[in-house]
Amino acid sequence: MRIAILGPTASGKSALAVAVAARIRGTVVNGDVFQAFRDIPIGTGQPGGAERGGVPHRLYGVFPLAARPNPASFGAEVRRELEGLERAVLVTGSGLYLRGIWGQLSELPEVPEALTARVRAWADRLPVPLLHRYLAAVDPARAAALHPRDGSRIQRALALHLATGRRPGELLSGVARGVPEGWRALLVLPSREAQRRRVAARVRAMVEAGWEAEVAAAVAAGHGEDLRALRPLGYLDWMEGGAGAEERIVRATQAYAKRQATFFRNQWPELLCWDPDGEPLEAAFAHLGI
């Protein structure tokens, strides 16, 4: 049995994945690339011991920060973790990486190094949000799917555009659509206002758990450049310091969660939805047929 629990950040999908895995006596498999990294468990929301509810979990905190997995390579890694599991519960908030897991990515053309270097030079001179606006001018849909400060993916999209003259989103559109055969999937989707409250509460809990100290420790260990390259949400805000970091992170995360929900609904419109604040747990089980 293969079950996918999907949803925006802070929606409650990890808790549901544990409940589903406990019900079917299965294993939770992480499909969120940032939660697969070591040394940054707090800010990426990796479930701790109590949150795992006694259920086996795989692919959390295993990659070094120097790793650079892409949707295809990470998807292959997740599929290896799924092999041999009779009952698995995949949980992820990334639609693009889910495509990699489900084998729904297009083959991308090779980008000449000269063009990659040109975009890198732009990034050295220009703020990332400005590059994001450039991307929005050539591909509004792809820009909407990316955080305005996700420098690495913005650069990749711009380089693809330079190399092909096409919208990057078209090249990433996937060779297949729909929930693959053999999978059951559920989208965890709180109301918009509830989602905003959930994000604020989660960021506050992360701060109280020592998120800022976690970032400082990673930088002190020599991983500052890795964090700048990876750009996990919120980490650069702590690295840049200054007043109001938590408020900036809350606003950025709320906007990101909205984009996540939109992406899932647009790419997999057949997904059944479950509101964790308005429906009982049994309703989620019923949607999944378990």
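Going by the structure above, here's the rest.
Residues numbered from 1 in each chain as written. Predicted model: local features only at pLDDT ≥ 70, side-chain atom pairs only at ≥ 80, totals over all residues. Heavy atoms only, no water.

## Thoughts on the overall build of the chain
(1) Moving on: On a plain count of helices and strands, the chain comes out with 13 helices and 6 strands.
(2) Moving on: Against the compact-globule benchmark of 19 Å for 290 residues, the chain has a radius of gyration of 19 Å, which places it among compact chains.
(3) Moving on: Oriented by its inertia axes, the alpha-carbon framework of the chain measures out at about 50 × 45 × 35 Å.
(4) Moving on: The burial tally for the chain puts 50% of its 290 residues in the buried class.
(5) Moving on: Considering only contacts within the chain whose residues lie at least 6 apart along the sequence, 75% involve residues at least 24 apart.
(6) Moving on: Charge centroids of the chain, computed over 37 positive and 30 negative side chains, lie 3 Å from each other. (Helix = DSSP H or I, 4+ residues; strand = E, 2+ residues; numbered from the N terminus. Rg over C-alpha atoms; globule rule 2.2 N^0.38 Å. Buried < 20%, exposed > 50% of the residue type's maximum accessible area, 1.4 Å probe, protein only. Contact = heavy atoms within 4.5 Å. Lys, Arg positive; Asp, Glu negative; His and termini not counted. Charge placed at Lys NZ, Arg CZ, Asp CG, Glu CD.)

## Here's the deal with unusual backbone geometry
(1) Moving on: Here the phi dihedral of Arg-25 falls at roughly 60 degrees; this positive angle occurs in a residue that is not glycine.
(2) Moving on: Tracing the backbone shows Arg-25 in the loop between helix H1 (13–24) and strand E2 (27–30).
(3) Moving on: With a phi close to 75 degrees, Asp-39 is a non-glycine residue in the positive phi region.
(4) Moving on: You can see Asp-39 is positioned in the loop between E2 and strand E3 (57–58).
(5) Moving on: Owing to a relative accessible area of 46%, Asp-39 belongs among the partly exposed residues under this scheme.

## Quick notes on the environment of Arg-25
(1) Moving on: What makes Arg-25 exposed here is its relative accessible area of 72%.
(2) Moving on: C-alpha of Arg-25 to C-alpha of Gly-45: the two residues are 20 residues apart in sequence and 23 Å apart in space.

## Observations regarding the packing of aromatic side chains
One pair of aromatic rings is described through two measures. These are the centre distance and the angle between the planes.
(1) Moving on: Evaluated as defined, the whole model comprises 9 aromatic pairs.
(2) Moving on: Here the aromatic residues Trp-102, Trp-183, Phe-263, Phe-264 and Trp-268 are joined through ring pairs into a cluster of three or more. (Phe/Tyr/Trp six-rings, centres within 6.5 Å; stacked < 30°, edge-to-face > 60°.)

## A word on the pairing of strand E4 (residues 88–92)
(1) Moving on: Here E4 lies mainly inside the structure; 5 of its 5 residues are buried.
(2) Moving on: Here E4 shows two buried faces, one formed by Ala-88, Leu-90 and Thr-92 and the other by Val-89 and Val-91.
(3) Moving on: Alignment of strand E1 (residues 2–6) against E4, held across 5 bridges, turns out to be parallel. Along E4, the bridge assignment pairs Ala-4 with Leu-90. (Pairing = 2+ DSSP bridges.)

## A word on the sheet that holds E3
(1) Moving on: The 6 strands lie next to each other as E3-E2-E4-E1-E5-E6, forming an open sheet whose pairing is parallel. Only two strands of the sheet have a single partner each, and these edge strands are E3 and strand E6 (272–274).
(2) Moving on: Of the strand pairs in this sheet, strand E5 (residues 183–188) and E6 are connected by 3 bridges, and their pairing is parallel. Bridging across to E6, Leu-187 finds its partner in Cys-273.
(3) Moving on: Where helix H2 (residues 71–82) meets the sheet, its contacts fall on E1, E2, E3, E4 and E5, and the angle it forms with E2 comes to roughly 170 degrees.
(4) Moving on: Relative to the sheet, helix H13 (residues 281–288) contacts E1, E5 and E6, its axis offset from that of E6 by approximately 165 degrees. (Axes fitted to C-alpha atoms, helices over the stretch in contact; angles between N-to-C directions.)

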